[in-house]
Amino acid sequence: MPKQNFKVCWCWRRIFKTRVVEPPRDVANVFHLFAPNGTMTVDDLLKFLIEHQGEKKATKEDAQAIFDSLKHLNIFHRRGIHLEAFFRYLLGDHNLAHPPSSQVHHDMNAPLSHYFLFTGHNSYLTGNQVSSASSVEPIKDALLRGVRVIELDLWPNSKGNDVEVRHGGTFTSPVDLQKCLQAIKENAFLASEYPIVITFEDHLNANLQKMVAKMVIDTFGDTLYRTEAETVEQFPSPESLKKKVLISTKPPKEYLTENAGEVSENEMGRRPSDLEHVLDEDEEKAVPQYRQLIAIHAGKLKGGLDNWLSDDPKKVRRLSLSEVELENATKTHGTKIVRFTQRNLLRVFPKGTRVDSSNYNPFVGWMHGAQMVAFNMQGHGKHLWIMQGMFKANGGCGYVKKPEFLLQRGPNDGVFDPSAPLEVKTVMKVKVILGEGWHQDFHHTAFDRYSPPDFYTRIGIAGVPEDKDVRQTATIEDEWLPVWEEEFEFEIRVPELAVLRIQVLEYDTTGRPDFGGQACFPVPELRSGIRNVALLDKKGNKYKHVRLLLSINFERPYDL
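This structure is a prediction, so every number in the text was calculated from the model and none was measured. What you see as residue numbers is a count from 1 along each chain, following the sequence as written. For a predicted model such as this one, the threshold for reporting local features is a pLDDT of at least 70, and the threshold for listing and counting side-chain atom pairs is 80 or more; totals across whole chains, interfaces and linings nevertheless cover every residue. Hydrogens and waters are ignored; side-chain quantities use all the structure's heavy atoms.

J.: What's the story with the pattern of salt bridges in this structure? I'm lost.
T.: The rule for a salt bridge is simple: a side-chain nitrogen of Lys or Arg has to be within 4 Å of a carboxyl oxygen of Asp or Glu. Counted under the stated rule, the structure contains 28 salt bridges. For Arg 25, the salt bridge identified is with Glu 485, shortest N-O distance 3.2 Å. With Arg 25 in helix 1 (residues 25-34) and Glu 485 in strand 20 (residues 483-492), this residue pair connects regions lying 460 residues apart in the sequence. Ionic pairing is found between Asp 413 and Arg 339, a salt bridge with its closest N-O pair at 3.9 Å. Placement of the pair is Asp 413 in the loop between strand 16 (399-401) and strand 17 (426-436) and Arg 339 in helix 12 (residues 323-343), with a sequence separation of 74 residues. Assessed through its relative accessible area of 25%, Arg 339 is described here as partly exposed. Three or more residues are tied together by salt bridges with common partners; here these are Glu 55, Arg 527 and Arg 531. Only DSSP runs of H or I with at least four residues qualify as helices, and only runs of E with at least two residues qualify as strands; both kinds are numbered from the N terminus onward. Only protein chains enter the calculation, and the probe is 1.4 Å; a residue is then buried if its accessible area is under 20% of its type maximum, exposed if over 50%, and partly exposed in between.

See the structure below:
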């Protein structure tokens, strides 16, 4: 049996035996239940898939494909699968709790307002909001991860004769707008063929807006979605907009003066003289060209929250609120926000004090129907992991259909009330069986200089406040292959918005645990039975070998 040496000092080494992971009790019991003779045939495996794993549509061909995937193992036998091979199958890519190869399966023919969109904030920043560099690389990375809404802040350059992208009022360096547009064009539809929305935060005069219009048209050509109508009563569907790019921004100032005094978020706080700028002859020609780019009009109506959330039956629009504005609005206007988001788009963005590019609780927005919960994608942390987990749903296409309860109108035109008490819809039982792969992906002193790691798992539900719950396993000391076999039970009231969150940590005597991997998954798409989950690093990249083996089951609430 291999051994690991940990050097404590020049005259003393600690020696630990390493072991090979063995089938745990749960796996052995299930194997013998379906293979009483000690060998599992294709028919036995098919029965296991249907009865224990809940794969009601599984076929003999599916079972045979699993058999064929195990033939390269020395432990495979022609007559059937023995326990060791069965165990390796359970830990393999054919048995993931949430297969990455799942297809788009939501109805994609509803208006855009019926979907949550994977949305970025200040998509060009490489780090913090104050002093980091602007670059096309974060834009590329976001698009390749399935993000569908990219935000660009447009400013005049130092000479006032060109347009650059930067975070205004900070020390962030700029990047050329043309480079950003080109990066979007080249990467827009590699991860998903569903539409890209580019939100412009526009700080330009009319002549520079004309320049932007030419850049956008020349870059995107026929992929740019434009409509001749200045207003539309309903947004088109994601299906009808496949491989299209949509521009969303405030209308130019000329347009604002003609349409009910709308004020965009970018103009809030500007001096009245800025808004009353008189257009010269060249600017009057420039503004219409820019206006014609806008597929999704943004802006706030003058007045307070009641006006902001007013729903005009003759036109739809996009409203932007900071996370703080949204939280305050939900206290008094919860149902009005839900009603507004049934037809219109609501974008939520991080408060200005998040200079470290941290993020916020996305469920406040989602529970009220907000489609564009904008996140800083360049960092890491639990909220970003939850966001990434949520958008693994629906084939990872970047669009997730909103739950029906957020779209329905009841008697007297009533809508869902997010503040009303909720009943438990399902009980989710998760057993954390074991983990493996750290000794292959990490150096043997990565966690502790003097001994193997002491792993424990935190597992819970991220969701609406009533569903939020986190549990923790015991700590398994000095073990690269921890076996926990601990079961936890979660009562879930809104499974449609629930995300299973998993994090493995290594106990440290200093009090701050070391990171051992994380994963988040949309609860509605998890497969029941004994399944494995591949763990990711802090940035959301998959480790090559690290994974957990879980048992997942869904039950009806006990009081039904």
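J.: Hey, could you run me through the packing of helix 6 (residues 177-187) against helix 7 (residues 206-220) in this one?
T.: Axis angle and axis distance: for two packed helices, these are the angle between their axes and the distance between the axes, and together they describe the pair. Structural elements are reduced to axes, namely lines fitted to C-alpha atoms, with helices fitted over the stretch in contact, and the angle between N-to-C directions of any two is expressed from 0 to 180 degrees. Between helix 6 and helix 7, the least distance of the axes is 10 Å, while the angle of their chain directions is 25 degrees. Our classification of the angle between helix 6 and helix 7 gives roughly parallel. Read as a crossing pair, helix 6 and helix 7 show a hand that is right-handed. Facing Leu 177, Gln 178, Leu 181, Gln 182, Ile 184 and Lys 185 of helix 6, the residues of helix 7 in contact are Val 212, Met 215, Val 216, Thr 219 and Phe 220. In terms of residue class, the contact of helix 6 with helix 7 is made up of seven nonpolar, three polar and one charged. Angle categories: roughly parallel below 35 degrees, roughly antiparallel above 145, roughly perpendicular from 65 to 115, and oblique for all the rest. Crossing handedness is read from the near helix: turned anticlockwise from the far helix by less than a right angle, it gives a left-handed crossing, and turned clockwise, a right-handed one. Only heavy atoms matter for contacts: two residues are in contact if any of them lie within 4.5 Å across the pair. Following the grouping adopted for this structure description, the nonpolar residues are Ala, Val, Leu, Ile, Met, Phe, Trp, Tyr, Cys and Pro, the charged ones are Asp, Glu, Lys and Arg, and the polar ones are all others, Gly among them.

J.: In this structure, what is going on with the nonpolar core? I would like to understand it.
T.: If you look at soluble globular proteins, the nonpolar side chains tend to sit buried side by side. Side-chain atoms within 4.5 Å link the members of a nonpolar core, which is a set of buried Ala, Val, Leu, Ile, Met, Phe, Trp, Tyr and Cys residues. Within the largest apolar cluster, 104 residues are counted, with the highest numbers of intra-cluster contacts made by Leu 152, Leu 154, Ile 184, Trp 438 and Leu 535. The leading source of residues in this core is helix 7, at six residues. With 29 residues, the next largest nonpolar core counts Leu 70, Phe 87, Leu 90 and Ile 433 among its residues.

J.: Whenever I open this one, helix 14 (residues 382-390) confuses me. Can you help?
T.: Because each turn of an α-helix spans 3.6 residues, side chains separated by three or four positions end up pointing in the same direction. Most of helix 14 sits out of view: seven of its nine residues are buried. Inspection of helix 14 places Leu 384, Trp 385, Ile 386, Met 387, Gln 388, Gly 389 and Met 390 among the buried residues, and these make up the whole buried set.

J.: So what exactly am I meant to see when it comes to the pairing of strand 21 (residues 499-506) here?
T.: Consecutive side chains along a regular strand alternate between the two faces of the sheet. In terms of burial, strand 21 is a largely internal element, eight of the eight residues being buried. Both faces of strand 21 are covered, namely the face carrying Val 499, Arg 501, Gln 503 and Leu 505 and the face carrying Leu 500, Ile 502, Val 504 and Glu 506. For two strands to pair, DSSP has to find at least two bridges joining them. As defined by bridge partners, strand 18 (residues 455-462) adjoins strand 21 across eight bridges and the pair is classed as antiparallel. Looking at strand 21, one finds that Phe 455 is bridged to Glu 506. Summarising the sheet, strand 21 and strand 22 (residues 514-522) pair through seven bridges and their orientation is antiparallel. Counted as the bridge partner of Glu 506 is Asp 514 from strand 22.

J.: How should the packing of helix 1 against helix 4 (residues 83-90) be read in this particular structure?
T.: Closest axis-to-axis distance for the helix 1/helix 4 pair is 10 Å, and the angle between their directions is 115 degrees. Every pair of crossing elements has a handedness; the one defined by helix 1 and helix 4 is right-handed. On helix 4, the residues that touch Val 27, Ala 28, Val 30 and Phe 31 of helix 1 are Leu 83, Phe 86, Phe 87 and Leu 90. Here the contact of helix 1 with helix 4 is built from residues that sort into eight nonpolar, no polar and no charged.

J.: Could you clarify how one ought to interpret unusual backbone geometry in this entry?
T.: Of all residues except glycine, most have a negative phi; of all peptide bonds, most are trans. A positive phi is found at Ser 357, a non-glycine position, where the angle reads about 65 degrees. Along the chain, Ser 357 falls in the loop between strand 14 (345-349) and helix 13 (363-367). Phi at Asp 478 takes a positive value of approximately 50 degrees, unusual for a residue other than glycine. With respect to the helices, strands and loops of the structure, Asp 478 is situated in the loop between strand 19 (469-472) and strand 20.

Note that every value here comes from positions in space, so none of it alone points to a role or purpose.
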